[in-house]
Protein chains: 2
Amino acid sequence: MEDRVYEEVRALCERARACAAALASARGETKNEALMRFARLLRENTGAILAANEKDLANAKENGVRDTMLDRLRLTEARIDGMAKGAEDIARLDDPIGKGDCWTRPNGLTIRRVRVPMGVVGVIFEARPNVAADVAALCIKSGNAVVLRGGKEAIESNRAVVALARQAITETIHSHAADAVCLIENTTRDSASALMQMRGLIDVLVPRGGKGLIRSVVENARVPVIETGAGNCHLYVHYDADVDMAVKIAYNAKVSRPSVCNACETILVNSVIAPTFLPRLKEALDEAKCEIRGCDRTREILPGVAAATEEDFETEYNDLIAAVKVVDTLTEAIAHINRYGTGHSEAIVTNDLSAAEHFQASVDAAAVYVNASTRFTDGGEFGFGAELGISTQKLHARGPMGLTALTTEKYLINGGGQIR
Amino acid sequence: MEDRVYEEVRALCERARACAAALASARGETKNEALMRFARLLRENTGAILAANEKDLANAKENGVRDTMLDRLRLTEARIDGMAKGAEDIARLDDPIGKGDCWTRPNGLTIRRVRVPMGVVGVIFEARPNVAADVAALCIKSGNAVVLRGGKEAIESNRAVVALARQAITETIHSHAADAVCLIENTTRDSASALMQMRGLIDVLVPRGGKGLIRSVVENARVPVIETGAGNCHLYVHYDADVDMAVKIAYNAKVSRPSVCNACETILVNSVIAPTFLPRLKEALDEAKCEIRGCDRTREILPGVAAATEEDFETEYNDLIAAVKVVDTLTEAIAHINRYGTGHSEAIVTNDLSAAEHFQASVDAAAVYVNASTRFTDGGEFGFGAELGISTQKLHARGPMGLTALTTEKYLINGGGQIR
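We now turn to the structure provided with this report.

Thresholds, definitions, all that
Residues numbered from 1 in each chain as written. Chains lettered and ligands numbered in written order. Predicted model: local features only at pLDDT ≥ 70, side-chain atom pairs only at ≥ 80, totals over all residues. Pairing = 2+ DSSP bridges. Helix = DSSP H or I, 4+ residues; strand = E, 2+ residues; numbered from the N terminus. Axes fitted to C-alpha atoms, helices over the stretch in contact; angles between N-to-C directions. Contact = placed C-beta atoms within 7 Å. Buried ≥ 20, exposed ≤ 12 C-beta atoms within 10 Å, placed from the backbone. Least-squares fit on C-alpha atoms with pLDDT ≥ 70 in both. Nonpolar A, V, L, I, M, F, W, Y, C, P; charged D, E, K, R; others polar. Parallel < 35°, antiparallel > 145°, perpendicular 65-115°, else oblique. Left-handed = near helix turned anticlockwise from the far one by under 90°.

With respect to the sheet that holds strand E5 (residues 181-183) of chain A
Residues and elements named next belong to chain A.
Now for step 1: Strands sit in the order E5-E4-E3-E6 across an open sheet of four strands; the sheet is parallel. Looking along the sheet, the strands with just one partner apiece sit at the ends: E5 and strand E6 (204-208). Adjacent strand axes in the sheet meet at a mean angle of 20 degrees when their direction is disregarded.
Now for step 2: The strands touched by helix H6 (residues 130-141) within the sheet are strand E3 (120-125), strand E4 (145-149), E5 and E6, with E4 carrying the most contacts at an inclination of about 165 degrees.
Now for step 3: Against the sheet, helix H9 (residues 211-220) engages E3 and E6, with an angle of about 160 degrees to E6.

Examining unusual backbone geometry
Now for step 1: The residue Lys 289 of chain A is not glycine, and still its phi comes out positive at about 55 degrees.
Now for step 2: Along the chain, Lys 289 of chain A turns up in the loop between helix H11 (274-287) and strand E9 (291-294).
Now for step 3: Residue Lys 289 of chain A is classed as exposed on the basis of its C-beta count, with 8 C-beta atoms lying within 10 Å.
Now for step 4: With a phi close to 75 degrees, His 396 of chain B is a non-glycine residue in the positive phi region.
Now for step 5: When you line up the elements, His 396 of chain B lands in the loop between strand E14 (389-391) and strand E15 (399-401).

A few points about the relation of the copies chain B and chain A
Each of the two chain copies can be brought onto the other by rotation about an axis and movement along it.
Now for step 1: When chain B is fitted to chain A, the best match, at an RMSD of 0.1 Å, comes from turning it 180 degrees and sliding it 0.0 Å along the axis. Overall, the copies show the geometry of a two-fold rotation axis. Residue His 396 of chain B of chain B places its C-alpha closer to the rotation axis than any other residue of that unit, at 1.8 Å.
Now for step 2: The fraction of interface residues of chain B whose copies in chain A are also interface residues reaches 100%, indicating that both copies meet through the same surface.

Topic: the environment of Leu 73 of chain B
Now for step 1: By the secondary structure assignment, Leu 73 of chain B is in helix H4 (residues 67-73).
Now for step 2: When residues no more than four places from it in sequence are discounted, the contact partners of Leu 73 of chain B are Asp 56, Leu 57, Ala 60, Ala 127, Glu 153 and Ala 154 of chain B.

A closer look at the interface of chain B and chain A
Now for step 1: Contact with chain B, which involves 54 residues of that partner, is made by 54 residues of chain A.
Now for step 2: Elements supplying a minimum of two residues to the side of chain B that touches chain A: helix H1 (3-25), helix H10 (243-255), helix H15 (353-362), strand E13 (367-372), helix H16 (379-382) and strand E16 (407-418) of chain B.
Now for step 3: The biggest single contributor to the side of chain B that touches chain A is E16 of chain B, with 11 residues.
Now for step 4: When its residues are assigned to classes, the side of chain B that touches chain A shows 23 nonpolar, 18 polar and 13 charged.
Now for step 5: Alignment of strand E16 (residues 407-418) of chain A against E13 of chain B, held across five bridges, turns out to be parallel. Bridging across to E13 of chain B, Asn 414 of chain A finds its partner in Val 370 of chain B.

Some words on the packing of helix H3 (residues 46-62) of chain A against helix H7 (residues 155-172) of chain A
Residues and elements named next belong to chain A.
Now for step 1: Across the interface, H3 lies against H7 with an axial gap of 7 Å and an inter-helix angle of 160 degrees. It follows from the interaxial angle that H3 and H7 lie roughly antiparallel. As for how H3 packs across H7, the hand of that crossing is right-handed. Residue-level inspection shows Ala 48, Ile 49, Ala 52, Asn 53, Lys 55 and Asp 56 of H3 in contact with H7, the latter providing Ile 155, Glu 156, Ser 157, Arg 159, Ala 160 and Val 161.
Now for step 2: Along the lines of polarity and charge, the residues of the contact of H3 with H7 split into six nonpolar, two polar and four charged.

Brief notes about the sheet that holds strand E12 (residues 345-349) of chain A
Now for step 1: Pairing is mixed in the open sheet, where 10 strands are placed in the order E10(A)-E9(A)-E11(A)-E8(A)-E7(A)-E12(A)-E13(A)-E16(B)-E2(B)-E1(B). Where the open sheet ends on each side, the last strands, each with one partner, are strand E10 (306-307) of chain A together with strand E1 (100-104) of chain B.
Now for step 2: Running at roughly 155 degrees to strand E8 (residues 264-270) of chain A, H11 of chain A makes contact with strand E7 (233-237), E8, E9 and strand E11 (321-327) of chain A of the sheet.

Description of the pairing of E3 of chain A
Residue and element names in this part refer to chain A.
Now for step 1: Here E3 lies mainly inside the structure; six of its six residues are buried.
Now for step 2: Where burial is concerned, the two faces of E3 agree: the one with Val 120, Gly 122 and Ile 124 and the one with Val 121, Val 123 and Phe 125 are both buried.
Now for step 3: Sheet topology note: the E3/E4 ladder contains five bridges and is parallel. For Ile 124, the partnering residue across the bridge sits in E4 and is Arg 149.
Now for step 4: Where E3 meets E6, five bridges bridge the pair, whose relative direction is parallel. By the bridge assignment for E6, Gly 122 is matched with Leu 205.

Interpretation in functional terms is not warranted from these geometric data alone.
Shown next as C-alpha cells:
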C-alpha cells in the first residue's frame, strides 16, 4: 500500500476522532435538530445532488458499468426524498445514549452502566449513494463520528450528500464539528485497506455490500468488524406442511425481491411431500421465470429441470434461480442448513409443534421462522425503525441492527474514598 | 505453519463443534449438576492433579523458567479447592440461556428474542492451570463447547484438569459429549495460530494472558475475538482533592496488587495541589518500596526521583513502579489518559461535581471512577459473580465479562403463513 494513501486516510480518521466528543456529548434534541436540518438540506439541494449523480452515471456508462449497478447508482427526486424521510424517521427514534441501569454495592460504591457512542465508526460501501445518507444519519443519532469510504462509481454523489450532512452538523451541533462525517475521496483499493488498519482510530468497521467486499474486510481488518449481509437462506417444507402455504411462502421468499439478503436460495423438501409440493412449486416459479436447479430426486419428480451441483447449494444467487433438494428427515434438513447456511434467515413450514421447536432450537442462524417467509428479516419489519444492516455474526449484534449496535457500555463508579 | 498441526487443531475443533448441540440444549439443572460433579472430581483427584503439576514444575525449573512464572504455574491443595469452589459458584449463578423478550407485529408474526450459547468458544492462555478449570466451568454453564490451548509449561496440569471436566460432562450431560471440552495438546506457536484461523468452527476466541499474547491474537485472528486485560490505568488528583483520600487511593491502586490489570500505572496531579500531594505520595510509596518515575515538574518537587520518559507513560508496569506527571488542567489530564490509556479503568479524586462529571463523560474507558480505587474493576466487585476476563474493547462486551459475554441472541419468529 502506498504510504501516501495510508497517511491521507489516517489524517482523515484523526480529524473525525477529534470531532467525536462533540457528537458524543450532544443532547438528543440537538442531534434530532441536526437530522431534521439534514433532511431539509437534502430536499433543498435535490438539483445539485442530481447533477453530481449525473456525472457519476456518465462516468459509469463510459466505463461500461452493468445496468444493475447503474440502477443502484442512480438517484431520482423520489430517492432523494427517501433519504430525507430516512433522516426524519431516525430523528423520531428513541435516543439510545445515556440509557442504562445502576446499583449500589455493599461497600457503598454506586455503579452506573450507561450506553455511550462507540466513538468513530467506519463504513465501506459500494455503489449506492443512499448508504452515505443513511449511515450519516444513524451515526449522528447514535452520537458517533463516521468515516465513509464509498465506491468510486458514486464519488460525486457521495461528496454532495456528505457535504450536506457536514453542513447540518455545523449549523446545529457544533460549528467546528464538520469532520464528524468524513468521506475518503480516494477510492482506490488502498484507501479501503488503509481504513481496515486504523486501530485506535476506528472503533468499529461495517462493510456494506457484496460478498467479496465483506469477505475482504473480515479477512484483512485489524479493527473490530461487524459482518453483515451474506444470506444463503433456506426454506424447509416438512412432510406435514400445508402445501398451499408452503408454495405461497416459497414463492414469496424466492421471488418477491431476489436481490436482497433475506431472499431464499435453496428450498428443501421432505421426500414424503415432494411429489405433491414440487410440481406446484415449479408451476409458481415458472410464472415468475425463476429457474430451478434440482438434486437427482427433484429431477425425477420434475423432469427437465437443470441439475444442482455442490456449488449451487453454496451459492447466494441473489437472482431468479432456486436450488431444490429432497431430504428424508428433519435432521437431514437441519444438517444441510447448518452446513451451507450463512447464519442469516431460515424457515420451516410445518404444523408439527415438536418439529417446529426442534428446527428453531437446532438451526444456527440469526432468524429462524416457522410458517413465515424469510423476507421478514429486516429492522423495519421487526419494529426497530432504521437499520444499519443485518449482522450474520454472533458477536455484539446479531440479525437486524438498530441504533444500539452503534453503541457500547461504560461503567461510571462513584465512591467516597473506597479502596480494595 | 505445518499442515499437520493445522489439521490436528481443525479435527479437534470439529469434534468440539459436534458436541456443541448437546451443551446448548442441556437444561439449567443438568448443567449445574455437571458443575457440581466437576467440583467434586477436582477435590477427589487433588493428588493426581498435584502429581501432574509436579511434572510441569520440574520441567519448568529445568528450562530455567522465572520464579514469578513458577508461582503462577504452581498448584496447591488450596488452589485446587479454589477451582472447585469456582465451579460451585458458577453453578449458583443465573442461567443466561433462554432469557429474552417477545412481541407481536401488526401482521400477527410473533417474535421472540432469546439468549443462546455462542457455540464453540476458543481460549488461548498461558501458564496458569486454574484458567482451564474456570473457563471450562463458565462454558458449561453458558452451554458452549470450548477448545482450550494452554501454555506448554502447564500441559500436564491442564490435561489432568480437562480430563475431569470431560468426565463430569459425560456423567451428567451426555455420555458422548466429552469433546465439549477439548485441550489442544500441541503447545507450539503453530497450534495457537491454527486456532486463530478456524472460521466457521470457533465462534469467539478469547486470549487470556500477557500483552504479547493478546496483541498477537488481535492482529492475527480471523475469527471474532474479545480483547481482554491490557490495563494502563491512571489516577488523576484534581486541585481540590482531599489529600488524605488521594494518597490512600493512589497507594491502594498502585501497591495493593501491582501485577493485575486494574492496578494504576501513572498518577497525574494538578499543579496547584502537587506541592502538597507529591511529598505525601512519595512517603507512602517509599514505604511499599515502590519506585517513582516523574516528569520534570515532579522532580522539582521530589528531587532525586528518576525521570519518566515517553515510554514510561506507555508502559503497563505490572510492577512496583509508578509514573508521575504534573498537569495544569483537567483537560490536560483527560487528554493524557485518552492518549496513553488502554480503555480499562481510570479514576479522578475531586470534590468538584462538574469536574467529576466532565471526567466521567470524556474519559474513554470501560470503568471511570470518582473518589475510588481503580482496583474495583472486577466481576466479583461489580456483583456479577464469576468473570471471564475484563474486556478492553467496545464491541460485544466492555469491562468485567460475566456469563452473558459467552452468549448471543437469536430471533424465533412464528407465523401462520405470512408473506411480505
